[in-house]
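Commentary on secondary and tertiary structure
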Amino acid sequence: MNIWDFRSIYYKAFRRIGPFNLILRNEQNQINKALSLISVPTNGLALDIASGVGHSTFLMPVTKTFVSMDFSFGMVSIQKRSNKDLLCINANALRIPLKDNSVDYAQAIGLTEYFQNKELALFSLELSNVLKVSGKLLITFTPSSLFGIGRQLVGSKIYLRKKEEIISIFAKNGFKHIAHFSIYTQGVIVFEKS
Ligand SMILES: C[S@@+](CC[C@H](N)C(=O)[O-])C[C@H]1O[C@@H](n2cnc3c(N)ncnc32)[C@H](O)[C@@H]1O
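Definitions and limits used
Residues numbered from 1 in each chain as written. Predicted model: local features only at pLDDT ≥ 70, side-chain atom pairs only at ≥ 80, totals over all residues. Buried ≥ 20, exposed ≤ 12 C-beta atoms within 10 Å, placed from the backbone. Helix = DSSP H or I, 4+ residues; strand = E, 2+ residues; numbered from the N terminus. Pairing = 2+ DSSP bridges.

**Comments concerning the pairing of strand β7 (residues 186–193)**
With 7 of its 8 residues buried, β7 lies for the most part within the structure. Sheet topology note: the strand β5 (residues 131–141)/β7 ladder contains 6 bridges and is antiparallel. Bridged to Leu-138 within β7 is Val-190. With 8 bridges joining them, strand β6 (residues 175–183) and β7 adopt antiparallel strand pairing. When the sheet's bridge partners are listed, Lys-176 is paired in β7 with Glu-192.

**As for unusual backbone geometry**
Following Gly-18, the chain continues to Pro-19 via a peptide bond in cis, the omega torsion being 0 degrees. With respect to the secondary-structure elements, Pro-19 resides in the loop between α2 (11–14) and α3 (20–35). With a phi angle near 60 degrees, Ala-50 is a residue other than glycine that sits in the positive phi range. Note on placement: Ala-50 falls in the loop between β1 (45–49) and β2 (65–70). When the 21 C-beta atoms within 10 Å are taken as the criterion, Ala-50 is described as buried. At Asn-101, a residue that is not glycine, the phi angle is positive and equals roughly 60 degrees.

Structure, rendered in structure tokens:
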């Protein structure tokens, strides 16, 4: 059992408690702004990486096939229970079990802050393998704000970053930065695979 299996037990309830619900609503508004810039082919494949119990999966652009994945058995089983038609797999974001050049859109919401730079570089390489050319990617990160520092002090180990650091790591694997949005709790970046 990893820490996320344990968190899966109370994760849905936690998201409804104030002030977290307000913070999450604010973050979702940022994500929706970024999503409004992204179009995915109607017969495309969209992938939600580190989908948790599924809140982020419902945000994905409409397309033919949705796949969600998470490395926590607990999170995956809760998501599967609430959406039996969804293809939800148990897998590590650093080893995505999909064919190269098969994904039209990928997103990772609430994940990159748990990766050291070396892991983030590996993650971007993995994404550049599975995404098609011109495929779109949306990722969030935790900025070095007072809020981020507070999270570092009370929660699990997280890595705070500036958007420039993320853009430079992803650029090394062929990702072109298209747009970004930020608030004090979260940054959102949209990339296109070139
Ligand atoms: C903060 S939650 C975000 C969940 C969801 N994206 C959302 O917005 O509600 C982070 C999730 O990342 C997953 N996770 C962390 N490291 C992972 C990894 N290396 N591979 C796959 N999932 C991972 C955890 O199990 C957890 O479900």
